[in-house]
Amino acid sequence: MTQKRHRLNVIALTFIGLFLQIGSSQGANPVLNKRKVIGTSPADQQLSNYFRYHAEQLANRSLRDIKDLEAWKKKRGTYRKQLFEMLGLSPLPPKTDLKPKITNTTNSDGFIVENVTFQSRPGLHVTGNLYRPIKQEGKIPAILYVCGHGNVKKNGISYGSKAHYQHHGAWFARNGYVCLTIDTLQLGEIEGLHHGTYREGMWWWFSRGYTPAGVEAWNCIRALDYLQSRPEVDGEKLGVTGRSGGGAYSWWISAIDERIKASVPVAGITNLKNYVIDGAVEGHCDCMFMVNTYQWDYAQVAALVAPRPLLISNTDKDSIFPLDGVVDVYRKTMQIYELYGVPQNLGLQITEGPHKDTQELRIHAFHWFNHFLKGDDSLIEMAATKFHTPEELKVFKTLPADQKNTKIHESFVKQAKAPIPKDTQQWEQQTEKWKKLLRTKSFRAWPKKNDSTIKTKVETTTKDGLTLKTVTFDSQKYVPLKLFIIVPEKTPEKGIGQVRLNVLNQEEWEAFTQVLAPVFPDSFSQNSKSKISPNLYQKMQQQVIDQKTAVAYFAPRGIGLSSWNPDKRKQIQIKRRFYLLGQSLEGMQIWDVRRAIQELKGQPYLSKARLELKASGNAAALCLYASLFEEGVNELDLTGMPASHQNGPALLNVMRFLDVPQALAMAASRRPTKVSHANAEDWSYPIKVSQQLGWDEKQLQIKEK
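Keep in mind that what you see is a predicted model, and the values were worked out from it rather than measured.

Visitor: Explain the packing of helix α4 (residues 69–86) against helix α9 (residues 245–256) to me, please; I cannot follow it from the model alone.
Guide: A packed helix pair is summarised by two numbers, namely the angle formed by the two axes and the spacing between the axes. Closest axis-to-axis distance for the α4/α9 pair is 10 Å, and the angle between their directions is 135 degrees. Here α9 runs oblique to α4, going by the angle between their axes. Two packed elements cross with a definite hand, and for α4 against α9 that hand is left-handed. Listed contacts from α9 to Arg80, Leu83 and Phe84 of α4 are Trp252, Ala255 and Ile256.

The following block contains the structure:
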């Protein structure tokens, strides 16, 4: 190591020590503090506690079991496979013909720029600029520069982020490198989409196991293929860098492709604490995140780069990549580099400034590549300068008609095709396979048991021959919920023979409380001034008293008493926080329904009662999935249930192996199931299964609209 490089590392490490002594700088960041607050209601505070608890659990678990190099090497292969899967790259797409084209060549100040395009898969066009020296001897190292969100657009024409970041490519070419600068999916000449959940309400991305991070990672893999095909390039000396979004893509390609021999991600990663607890997620679009199926913290991504040279680079006042999280990732990653005995291969550069592409950040990145790819430790004397107009760097005069970029989210991750079973044995095998996939790919975040230590509480109120039992319980830690059970004042000695559990959506919750609030004002104080609805109340009263049955009502988390900040933007970011923890809101609501069933059946007077589960809309789908994993549900009554996760509840990865019709067939094979207000065509799969296996007609009833 040269004296200059040693001095830079000492400065960085001294800074880290000072930082760790004085603590996090985020408290002085008003942008981050504003994002941190979900809301001020008791329900909002419980949700904040929930997110903190689970983010800290995952952080504490990350890399905890790695005690020596042998243990890491055993885990590393599994982790790489998991990351490919979480990026939507398992199975890996075939490497089809790149069909590369050079559409224009420009000579500049000691370097040449080629406007290039290739297809990373048929119809998925990647646009970029390849910078190379005019004079070179033999093959030389190459850098893949992946752009962040810095688009250049004029008069409705997109020139791509490559025009914004051109000074990086120019510097590399002027200093003896080939550099391929590629556009992002969203901010390229062909404009795709990064903001599916952030802005467009495309929550089905979760269900498909899709993230645009996977497309960016795949484009990077194919970009390396292209670089290795170039006669000027030494294919054994490839590096990658980029900032912001490009910093994130640098992480993905460095972790999954060992052809990268040196890496400098700039402002592209921090930890779950920053994203989830401190609210940095609110400043990021979907391309920054994998589908966190295996519940990683982000040091696990960084660790996969070891032992190859990696420089983590950031500024100290970056509101979306806060300093404490960046340092935390560095410290945990260093543990792995130390196991390899190469701590010198991991660096941390922190410079002063906001989230911005600064000259100070560039200098150390350039030095890092010179040292590790060229063995050159001389001073950096040349500034990174822009030489070209956006027009000169544009690849396409006319956008290709066969392009799939704008809708690649609809086809990038392969979706399942469910076969009709030949017989009952085959069906049972398929059902068990699906249940296992649901547990491991969609519901991995379900607790093995309730982790709360708060005991269930039951309050009783009687009026008009009815008894209202309010069961307050924790679905899990920091998720307090209420189950309302209405039974006859005089309960039969043998207990109640039948109970219907109604799982409510927000609209139904409001209607339910308006019916009962005038009768039981102490239990529904928020609606106590509502006018009684005689017909609805009398119908309930007659059913319970005359038929000696019980009726129960339940709203899962985020609905009714536990509803959170109603601001639309906050609601979006709440759902995205669940996602970063390897959960989905709806997936955890299904857990809530399971817990409500457990609490209901745990009441002595209902222990032997026949249980009917009833719900409508998305809540019907929650009940459907809960019934697959909870014993004691005797019948399902589902109204207006969405026929696909494409427009229904978001469950991680579910559409990679089944959709709602397959889940319905699974449920109907276990108990009588009625689906009302439906189109029979939407439910052709369970109908065909019932016919093939010879079910009784009452087992599955589809009632059309």
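Visitor: Would you mind going over the sheet that holds strand β19 (residues 673–678) with me for this structure?
Guide: Across the sheet, which stays open at both edges, the nine strands sit in the order β12-β13-β14-β16-β15-β17-β18-β19-β20 with mixed pairing between neighbours. Edge positions in the sheet fall to β12 (457–463) and β20 (700–704), since each has one partner strand and no second. Each adjacent strand pair in this sheet contributes to an overall mean axis angle of 15 degrees, direction not counted. The sheet contact formed by strand β15 (residues 498–503) and strand β17 (residues 610–616) spans six bridges and is parallel. Among the inter-strand pairings, valine 499 is bridged to a residue of β17, identified as leucine 611. Running at roughly 130 degrees to strand β13 (residues 466–476), helix α19 (residues 585–601) makes contact with β13, β14 (479–488), β15, β16 (550–554) and β17 of the sheet.

Visitor: Is there a simple way to explain the pairing of β12 in this structure?
Guide: In the case of a regular strand, side chains alternate between the two sheet surfaces. Bridging between β12 and β13 involves seven bridges; their strand directions are antiparallel. Residue pairing across strands places threonine 460 opposite lysine 469, the latter belonging to β13.

Visitor: Even after reading the chapter, I still don't get the packing of aromatic side chains, so can you show me in this structure?
Guide: By convention here, two paired aromatic rings are described through the distance between centres and the angle between planes. Using the criterion set out here, one finds 36 aromatic pairs in the structure. With a centroid separation of 5.7 Å and an interplanar angle of 55 degrees, the aromatic rings of phenylalanine 484 and phenylalanine 512 are classed as tilted. Taken together, the residues span a long stretch of sequence, with phenylalanine 484 in strand β14 and phenylalanine 512 in helix α16 (residues 506–516) at a distance of 28 residues. A relative accessible area of 6% means that phenylalanine 512 is categorised as buried. An aromatic cluster of at least three residues, connected via ring pairs, comprises Trp171, Phe172, Tyr177, Phe366 and Phe369. The ring of phenylalanine 629 has lysine 435 sitting right over it, with the charged end atom 5.5 Å from the ring centre. For lysine 575, the ring lying beneath its charged end belongs to tryptophan 203, and the centroid distance is 4.3 Å.

Visitor: What exactly am I supposed to notice about the pattern of salt bridges here?
Guide: Any two side chains of opposite charge can pair, so long as their charged atoms come close to each other. Under the counting rule described, the total for this entry stands at 38 salt bridges. Glutamate 56 serves as the salt-bridge partner of arginine 52, at 3.8 Å between the closest nitrogen and oxygen. Residue arginine 52 and its partner glutamate 56 are both found in helix α3 (residues 42–61); the two are separated by four residues, about one turn of the helix. Judged by its relative accessible area of 38%, glutamate 56 is partly exposed.

Visitor: I tried to follow the side chain of asparagine 345 on my own but got confused; where do I start?
Guide: Within the element layout of this structure, asparagine 345 appears in the loop between α12 (323–340) and β11 (346–351). Under the relative-accessibility criterion, asparagine 345 is labelled buried at 12%. Excluding anything up to four places from it in sequence, asparagine 345 contacts Pro307, Arg308, Pro309, Leu310, Tyr337, Trp368 and Phe372.

Visitor: Please clarify how the pairing of strand β18 (residues 635–639) should be interpreted in this entry.
Guide: Across five bridges, the pairing between β17 and β18 is parallel. Across the sheet, the residue bridging to leucine 613 is leucine 636, located in β18. The handedness of the β17 to β18 crossover, carried by helix α20 (residues 617–629), is right-handed. Looking at chain direction, β18 and β19 are connected through four bridges and run parallel. By the bridge assignment, threonine 639 is partnered in β19 with serine 676. For the handedness criterion, the β-α-β arrangement of β18, helix α21 (residues 660–668) and β19 is classed as right-handed.

Visitor: What's the story with helix α6 (residues 166–174) in this structure? I'm lost.
Guide: Residues lying three or four places apart along an α-helix face the same way, a consequence of the helix completing one turn every 3.6 residues. Of all nine residues in α6, eight are buried; the element is thus mostly enclosed. Along α6, the positions that sit buried rather than exposed are Gln166, His167, His168, Gly169, Ala170, Trp171, Phe172 and Ala173. With its phi angle positive at about 90 degrees, glycine 176 sits one or two positions after the end of α6.

Visitor: Sorry if this is basic, but what is going on with the environment of leucine 348 here?
Guide: Residue placement: leucine 348 occurs in strand β11. Expressed as a C-alpha distance, the spacing of leucine 348 and serine 452, which sit 104 residues apart in the sequence, is 40 Å.

Visitor: Help me understand the packing of α4 against α12 in this model?
Guide: Viewed as axis vectors pointing N to C, α4 and α12 meet at an angle of 115 degrees, and their least axial separation amounts to 9 Å. Classified by the angle between their axes, α4 and α12 sit roughly perpendicular to one another. α12 is crossed by α4, and the crossing has left-handed handedness. Across from Leu69, Trp72, Lys73 and Arg76 in α4, the residues of α12 making contact are Ile336, Leu339 and Tyr340.

Visitor: Explanation requested: the confidence of the model for the protein chain in the structure shown.
Guide: Atom-level detail of predicted coordinates should not be read off regions where pLDDT is low. Across the protein chain, pLDDT averages 92, with 93% of residues at or above 70. Predicted confidence for residues 1–28 stays below pLDDT 50, and this span has 38 contacts to residues more than four positions away or in other chains.

Visitor: Help me understand the sheet that holds strand β9 (residues 260–266), please; the structure alone is not making it clear to me.
Guide: By way of backbone hydrogen bonds, the strands of a sheet pair with one another, either parallel or antiparallel. Spatial ordering of the open sheet is given by β1-β2-β3-β7-β4-β8-β9-β10-β11, a layout of nine strands whose pairing is mixed. Unpaired on one side and paired on the other, β1 (101–107) and β11 mark the two borders of the sheet. On average, each strand axis in the sheet is inclined to that of its neighbour by 20 degrees, with strand direction left out of account. Bridging between strand β3 (residues 124–133) and strand β7 (residues 178–182) involves four bridges; their strand directions are antiparallel. Along β7, the bridge assignment pairs tyrosine 131 with cysteine 179. Along the sheet face, α9 touches β4 (140–146), β8 (233–243), β9 and β10 (310–315) and points at about 140 degrees away from the line of β8. Relative to the sheet, helix α13 (residues 359–374) contacts β4, β8, β9, β10 and β11, its axis offset from that of β9 by approximately 175 degrees.

Visitor: Help me out: how do you make sense of a positive patch on the surface in this one?
Guide: On the surface, a cluster of positive charge is made up of Arg61, Arg64, Lys67 and Arg444. For arginine 64, the position within the fold is in the loop between α3 and α4. You can call arginine 64 partly exposed: its relative accessible area is 47%.

Visitor: Can you walk me through the environment of methionine 655 in this structure?
Guide: Checked against the element boundaries, methionine 655 lands in the loop between β18 and α21. Accessibility expressed as a relative area gives 8% for methionine 655, which makes it buried. Each C-alpha atom, one on methionine 655 and one on serine 442, is 9.9 Å from the other, the two residues being 213 residues apart in sequence.

Visitor: Hey, could you run me through unusual backbone geometry in this one?
Guide: Across residues other than glycine, the phi torsion is negative in most instances, and most of the peptide bonds are trans. Serine 90 connects to proline 91 through a cis peptide bond whose omega is 0 degrees. Tracing the sequence through the fold places proline 91 in the loop between α4 and β1. The omega torsion of the bond from alanine 306 to proline 307 falls at 5 degrees, within 30 degrees of zero and hence cis. Within the secondary structure layout, proline 307 lies in the loop between α11 (299–303) and β10. Even without glycine at this site, leucine 63 takes up a positive phi of about 60 degrees. Mapped onto the secondary structure, leucine 63 falls in the loop between α3 and α4.

Conventions used here
- Residues numbered from 1 in each chain as written.
- Predicted model: local features only at pLDDT ≥ 70, side-chain atom pairs only at ≥ 80, totals over all residues.
- Heavy atoms only, no water.
- Axes fitted to C-alpha atoms, helices over the stretch in contact; angles between N-to-C directions.
- Helix = DSSP H or I, 4+ residues; strand = E, 2+ residues; numbered from the N terminus.
- Parallel < 35°, antiparallel > 145°, perpendicular 65-115°, else oblique.
- Left-handed = near helix turned anticlockwise from the far one by under 90°.
- Contact = heavy atoms within 4.5 Å.
- Pairing = 2+ DSSP bridges.
- Phe/Tyr/Trp six-rings, centres within 6.5 Å; stacked < 30°, edge-to-face > 60°.
- Buried < 20%, exposed > 50% of the residue type's maximum accessible area, 1.4 Å probe, protein only.
- Lys NZ or Arg CZ within 6 Å of the ring centre and 35° of its normal.
- Salt bridge = Lys/Arg side-chain N within 4 Å of Asp/Glu carboxyl O.
- Right-handed = clockwise from strand over helix to strand, strands pointing away.
- pLDDT = per-residue confidence, 0-100.
- Patch = residues over 30% accessible without salt bridge, like charges linked within 9 Å, V, L, I, M, F, W, Y side chains within 5 Å.
- Areas by Shrake-Rupley, 256 points an atom, 1.4 Å probe, with all protein chains shown as cover.
- Lys, Arg positive; Asp, Glu negative; His and termini not counted.
- Charge placed at Lys NZ, Arg CZ, Asp CG, Glu CD.

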